[in-house]
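Topology and contacts: notes
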Amino acid sequence: MAKPTTFGAKYRGSIHDFPGFDPNQDAEALYTAMKGFGSDKEAILDIITSRSNRQRQEVCQSYKSLYGKDLIDNLKYELTGKFERLIVGLMRPPAYCDAKEIKDAISGIGTDEKCLIEILASRTNEQMHQLVAAYKDAYERDLEADIIGDTSGHFQKMLVVLLQGTREEDDVVSEDLVQQDVQDLYEAGELKWGTDEAQFIYILGNRSKQHLRLVFDEYLKTTGKPIESSIRGELSGDFEKLMLAVVKCIRSTPEYFAERLFKAMKGLGTRDNTLIRIMVSRSELDMLDIREIFRTKYEKSLYSMIKNDTSGEYKKTLLKLCGGDDDAAGQFFPEAAQVAYQMWELSAVARVELKGTVRPANDFNPDADAKALRKAMKGLGTDEDTIIDIITHRSNAQRQQIRQTFKSHFGRDLMADLKSEISGDLARLILGLMMPPAHYDAKQLKKAMEGAGTDEKALIEILATRTNAEIRAINEAYKEDYHKSLEDAISSDTSGHFRRILISLATGNREEGGENLDQAREDAQVRPPKEIADTPSGDKTSLETRFMTILCTRSYPHLRRVFQEFIKMTNYDVEHTIKKEMSGDVRDAFVAIVQSVKNMPLFFADKLYKSMKGAGTDEKTLTRIMVSRSEIDLLNIRREFIEKYDKSLHQAIEGDTSGDFLKALLALCGGED
């Protein structure tokens, strides 16, 4: 079997050996910087961040020879806070720095499991052996014994396995063994009542990275779901988090650290211990790879995020370790384009089956359901629980049968009865579920355009994400329900390029074939962003027209190839270019199309998250997505949600809604991930 491609062997750290290095001279300069009242922090950080770790050890030795003092002790005395922790971390040899982090993680009350997971899931065999030896030397204790004493269960077992540093390192991968491991993992989890955790520990803790990458690919093909989904479904707690970290590091260690850095700085407050630990430990290993992936994945540079999130000498030191701003002109490395290109290649071959959370009920009996609903609404009071239970556990086709049966039995309109019995957010959700999908979308579009103001976000969300068949059905439903064409409604309520984009999408004439490489290269040849900035507005209008022609008409497989080629030509993701060069509703529409092409479940996961974050809840968006995606891809949306936001959709809904509305949403959600 072919060996998987990995990052090249060339040096990818941001810190290099200092040319003309003189340890005695550096020791004297540091002594001078700390002598007398106060300390010259600029001189300290400049010297230490400009030397490799090997050179810093020589400086430590020279300092002791020249002054009979321990340099690290003096630095601890002179410096304080986060800056001290960062500088002292840089002065320790890498293995001793890891040993100190683990000692702190398991000392005192409680355990910092995230620190243990990060270090032990990401280190190579050689680094692990050095860590064990350094821990023994520094603390005269056995690291394995200390971890066993501070952890338990399967989490403990996997940590001990990783600590051995015995992962296979063969470049040769056996195809038969790959297939066997896929089958063993599948049988240990998905096919088993309960979970055989030992199989997960053995395979993920011992097989080589090359082997496991192929196992993950085959697992997806065999089961229709990524290995991460099975881990989330079968494991729990710290053990689940550890196994997910191992999988991420197997796939791409730099991407794992890029994600850790982003999470350390996003939102309120900064997780400084995590930020320091990663910036110190990766500065001479793969910081350039981390920067590139960070820039590609989060559309901002690591440098700019550190700059905006930290301050003082602490910030200056971190920025020196980072080594450059990838948002600056010409700084987005060519290698970053290759990283993004590889990400698109993976997305092109990974075809995950889309799955909804609502499926046709077994032993469906429309007569019994109609009678139960009538009983729930008859007399004083309303039995909301029965209404919720029936309607959220039937497919839309089954609901339409219930409507017909209800009218045949009772001569009453089920929708009218529901409207009179329930109200508010619950009514909008239940009535939405009772409508055929095309009529529901048509109604949402009508509401977005009626009255004062227009809900552009709703128009974009619906028209940018529906298939040709769905769009055509919406057009028919709109005409039938409102006696006006959808195109006419859009034309009278919007204007300019935004109107043209929506009308183009509303035709439902997107190409449906595969990719055409020559055409994709031609489509990708829009003007690079650096040439757009100073062009007259007419040229920008022309650019918007060109984007519209491509984004609104080309097939999804073809557009994925276009995005790939665009990255190769410009070193920028097309989404970054759109956000930078366009504005308003035109920008939002194009971004929605691009995000949907890239990963539609992730697009909806983002919208659900935004509908519930901060003060207040956007119930309309929440309801619209839960109703419209419940039979299409809500299960996939759930997976993307927990992957990106570290909490389940179920938890987010539970924390942001209440009452019968909450019950109905959770029923649609279909489970806790």
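Residues numbered from 1 in each chain as written. Predicted model: local features only at pLDDT ≥ 70, side-chain atom pairs only at ≥ 80, totals over all residues. Heavy atoms only, no water.

The protein chain is annotated in an unreviewed UniProt entry as Annexin of Cebus imitator. According to the UniProt record, the Function (unreviewed entry) comment for the protein chain is "May associate with CD21. May regulate the release of Ca(2+) from intracellular stores." Recorded in UniProt under Sequence similarities (unreviewed entry), the annotation for the protein chain is "Belongs to the annexin family." (UniProt positions renumbered as here; feature names shortened; annotations may be inferred.)

Considering the layout of surface pockets
In this structure, the second largest pocket encloses a volume near 880 Å³. As for the second largest pocket, its lining consists of 33 residues, of which K114, K241, R260, K263 and D646 are closest to the centre. For the lining of the second largest pocket, the elements supplying multiple residues, two or more each, are α7 (113–122), α15 (237–265), α16 (272–282) and α38 (634–645). Sort the elements by how many residues they give to the lining of the second largest pocket and α15 lands first, with 11 residues. Per-class residue counts for the lining of the second largest pocket are 10 nonpolar, 6 polar and 17 charged. Of the domains in this structure, domain 2 (168–251) and domain 5 (601–669) are the two that each give at least three residues to the lining of the second largest pocket. (1 Å grid on protein atoms, 1.4 Å probe; cavity = no way out; pocket = protein on both sides within 12 Å on 5 of 7 lines; lining within 4 Å. Points joined across faces, edges and corners; volume = space filled by probe spheres on them. Helix = DSSP H or I, 4+ residues; strand = E, 2+ residues; numbered from the N terminus. Nonpolar A, V, L, I, M, F, W, Y, C, P; charged D, E, K, R; others polar. Domains from an automatic or database assignment.)

Some thoughts on the domain arrangement of the protein chain
Taken domain by domain, the protein chain comprises domain 1 (24–91), domain 2 (168–251), domain 3 (366–434), domain 4 (446–530 + 547–598) and domain 5 (601–669). The C-alpha-based centres of domain 2 and domain 3 are spaced at 44 Å.

Details of the side chain of E78
Within the fold, E78 resides in helix α4 (residues 71–78). One buried charged residue, E78, remains without a salt bridge, the closest side chain of opposite sign being K41 at 7.0 Å. (Buried < 20%, exposed > 50% of the residue type's maximum accessible area, 1.4 Å probe, protein only. Lys, Arg positive; Asp, Glu negative; His and termini not counted. Salt bridge = Lys/Arg side-chain N within 4 Å of Asp/Glu carboxyl O.)

Structural notes on the pattern of salt bridges
For the coordinates displayed, the defined rule picks out 49 salt bridges. When the shortest N-O distance is used, the salt bridge between D289 and R12 registers 2.8 Å. Of the two residues, D289 is situated in helix α17 (residues 287–298) and R12 in the segment before α1 (23–34); the sequence distance between them amounts to 277 residues. Exposure class is identical for D289 and R12. Each is buried.

Here we look at the packing of aromatic side chains
Applying the stated rule across the entire model yields 16 aromatic pairs. Measuring from ring centre to ring centre gives 6.0 Å for F547 and F590, while their planes differ by 40 degrees; the resulting arrangement is tilted. Of this pair, F547 sits in helix α33 (residues 537–551) while F590 sits in helix α36 (residues 584–612); the two residues are 43 residues apart in sequence, bridging distant segments of the chain. Pair check on accessibility: F547 and F590 agree, each one buried. Taken together, the ring pairs connect Y31, Y63 and Y67 into an aromatic cluster. Against the face of Y139 rests K103, its NZ or CZ located 5.5 Å from the ring centre. The positively charged end of K446 is found above the aromatic ring belonging to Y482, 5.4 Å away from the centroid. (Phe/Tyr/Trp six-rings, centres within 6.5 Å; stacked < 30°, edge-to-face > 60°. Lys NZ or Arg CZ within 6 Å of the ring centre and 35° of its normal.)

Some points on a positive patch on the surface
Residues K114, K241, K266 and R271 make up a contiguous surface patch of positive charge. Assignment of secondary structure puts K241 in helix α15. (Patch = residues over 30% accessible without salt bridge, like charges linked within 9 Å, V, L, I, M, F, W, Y side chains within 5 Å. Areas by Shrake-Rupley, 256 points an atom, 1.4 Å probe, with all protein chains shown as cover. Charge placed at Lys NZ, Arg CZ, Asp CG, Glu CD.)

Considerations on the packing of helix α27 (residues 456–465) against helix α37 (residues 619–629)
Two elements in contact, α27 and α37, have axes separated by 11 Å at closest approach and are oriented at 10 degrees. Relative to α37, the element α27 lies roughly parallel. Between α27 and α37 the crossing geometry is right-handed. Across from A458, E461 and I462 in α27, the residues of α37 making contact are T621, R624 and I625. For the contact of α27 with α37, a count of residues per class yields 3 nonpolar, 1 polar and 2 charged. (Axes fitted to C-alpha atoms, helices over the stretch in contact; angles between N-to-C directions. Parallel < 35°, antiparallel > 145°, perpendicular 65-115°, else oblique. Left-handed = near helix turned anticlockwise from the far one by under 90°. Contact = heavy atoms within 4.5 Å.)

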